[in-house]
Amino acid sequence: MSGQVVNNFSLNVLGGYTAGTNGVEIGGLFNIDKKEVKYFQAAGILNVDGGKMKGFQVAGINNTVLDTSYGFQAAGINNLVKGKFAGFQVGGIYNHVADSVKGVQAAGVANFARRKLSGAQFAGVGNISNKETDGVQIAGVFNYSKKLRGVQIGLINVADTSAGYSIGLINIIIKGYHKLSFSTNEIVNVNAAFKTGNSRLYSILQAGVNAGSSNRVYSFGYGLGSELNLNKKKTLSLNPELTSQYL
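This write-up is about the structure you can find in this document.

What counts and what doesn't
- Per chain, residues are indexed from 1 in the order of the written sequence.
- This being a predicted model, a pLDDT of at least 70 is required before a residue's local features are given, and a value of 80 or more before pairs of side-chain atoms are given or counted; all residues contribute to the totals for chains, interfaces and linings.
- Excluded from the side-chain calculations are hydrogens and water; all other atoms, namely the structure's heavy atoms, are used.
- Any Phe, Tyr or Trp ring, taking Trp's six-membered ring, that has another such ring centre within 6.5 Å forms a pair; planes under 30 degrees apart are called stacked, those over 60 apart edge-to-face, and the others tilted.
- Here a strand is any run of E in DSSP of at least two residues, a helix any run of H or I of at least four, and the numbering for each starts at the N terminus.
- Only protein chains enter the calculation, and the probe is 1.4 Å; a residue is then buried if its accessible area is under 20% of its type maximum, exposed if over 50%, and partly exposed in between.
- The criterion for strand pairing is that DSSP finds at least two bridges linking the strands in question.
- Angles here are taken between N-to-C directions and fall from 0 to 180 degrees, while the axes themselves are lines fitted to C-alpha atoms, restricted in helices to the stretch in contact.
- Here, nonpolar core refers to any group of buried Ala, Val, Leu, Ile, Met, Phe, Trp, Tyr and Cys residues whose side-chain atoms link them within 4.5 Å.
- Pairs of residues are marked as contacts when any of their non-hydrogen atoms sit within 4.5 Å.
- In the cavity and pocket records, a cavity denotes points on a 1 Å grid over the protein atoms alone where a 1.4 Å probe fits but cannot get out, a pocket denotes an open set with protein on both sides within 12 Å along at least 5 of 7 lines, and lining residues are residues with an atom within 4 Å of a point.
- Grid points are joined across faces, edges and corners, and a volume is the space filled by probe spheres set on the points.
- For this classification, the nonpolar set comprises Ala, Val, Leu, Ile, Met, Phe, Trp, Tyr, Cys and Pro, the charged set comprises Asp, Glu, Lys and Arg, and every other residue, Gly included, is treated as polar.

## A word on the packing of aromatic side chains
Line of reasoning, step 1. Applying the stated criterion across every chain, the model contains five aromatic pairs.
Line of reasoning, step 2. Between Phe72 and Phe88, the ring centres sit 6.0 Å apart and the planes meet at 25°, which makes this aromatic pair stacked. In this pair, Phe72 sits in strand β9 (residues 69-75) while Phe88 sits in strand β11 (residues 85-91), placing the two residues 16 residues apart along the sequence.
Line of reasoning, step 3. Between Tyr177 and Tyr202 the ring centres are 4.5 Å apart and the planes differ by 5°, which places this aromatic pair in the stacked class. Residue Tyr177 is found in strand β22 (residues 177-183), and its partner Tyr202 is found in strand β24 (residues 202-209); the two are separated by 25 residues along the sequence.
Line of reasoning, step 4. Tyr177 sits in the buried class, given a relative accessible area of 8%.

Here it is in structure tokens:
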């Protein structure tokens, strides 16, 4: 089909180009629509929409929407939305939204939201919310958000500023909590701990050695802590911490 608005139902053995679709569009290989697409679109390889997409869109390899998208989007490899996205987005490898996301992004490798994320990102490797996150980021390796107002869970979590929680082995809040402390005890007489995150929740990486002893002991460990201010001037605080060390 070419150069027309398709209503109700369109079945293309290989593929087709239409001005727009309001109904059901199924292409054996591809669907290309110049304008808005509503309700349902499926293709064996790819879907390309020049206007808005509202509804259910699924492709074996790629979905591309050059405007905003609302609804459910699933692709075997990647999804690309040039405008805003609201709904549920599933990509076998990668999801990319060039504006804001309101909903869920789930990918085998990585998710990217250029502006605000309101919802959740789940990825096997990494998530990037380039402006603000008001929700959850969960990844196998790393999460990044410029401004965090939610929760990050990953091996490495990075944010410029944070009013939320980062849970992982390494949590870096660039404009946040950074402290280096030293201590001693009867087993390991020289201990150093690096604390990073924010005052709500920070991670602790620590190491120590029993220096000057023939019976040398080394230690390393990890922990979590929080800073509770006891006065308005923040000159007195209580730091409950939970740590574990291996000798």
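## Let's talk about the sheet that holds β24
Line of reasoning, step 1. With antiparallel pairing, five strands are arranged side by side in an open sheet as β22-β23-β24-β25-β28. Of all the strands in the sheet, just β22 and β28 (241-246) have a single pairing partner and so form its edges. Going from strand to strand, the sheet's axes swing by 15° on average, the running direction of each strand aside.
Line of reasoning, step 2. As defined by bridge partners, strand β25 (residues 218-225) adjoins β28 across six bridges and the pair is classed as antiparallel. Its bridge partner lying in β28, Gly221 is registered against Gln245.

## Topic: the pairing of strand β7 (residues 53-59)
Line of reasoning, step 1. Pairing geometry for strand β5 (residues 37-43) and β7, over seven bridges, is parallel. Bridge assignment links Phe40 to a residue of β7, and that residue is Phe56.
Line of reasoning, step 2. Relative to β9, β7 is paired through seven bridges, and the arrangement is parallel. Within β9, the residue paired with Gln57 across the bridge is Gln73.

## As for the nonpolar core
Line of reasoning, step 1. One finds Val37, Met53, Val65, Val81, Phe85, Val97, Val101, Ala113 and Leu117 forming the largest nonpolar core, which totals nine residues.
Line of reasoning, step 2. Ignoring sequence-local partners within four residues, the contact set of Val37 consists of Thr21, Asp49, Lys52, Met53 and Lys54.

## Quick look at the layout of surface pockets
The gaps of empty space that remain are located by a probe, the size of a water molecule, rolled over the atoms.
Line of reasoning, step 1. Empty space within the largest pocket amounts to approximately 170 Å³.
Line of reasoning, step 2. Here the lining of the largest pocket gets four residues from one element, more than from any other, and that element is strand β23 (residues 190-197).
Line of reasoning, step 3. Of the residues contributing to the lining of the largest pocket, the split by class is four nonpolar, seven polar and two charged.

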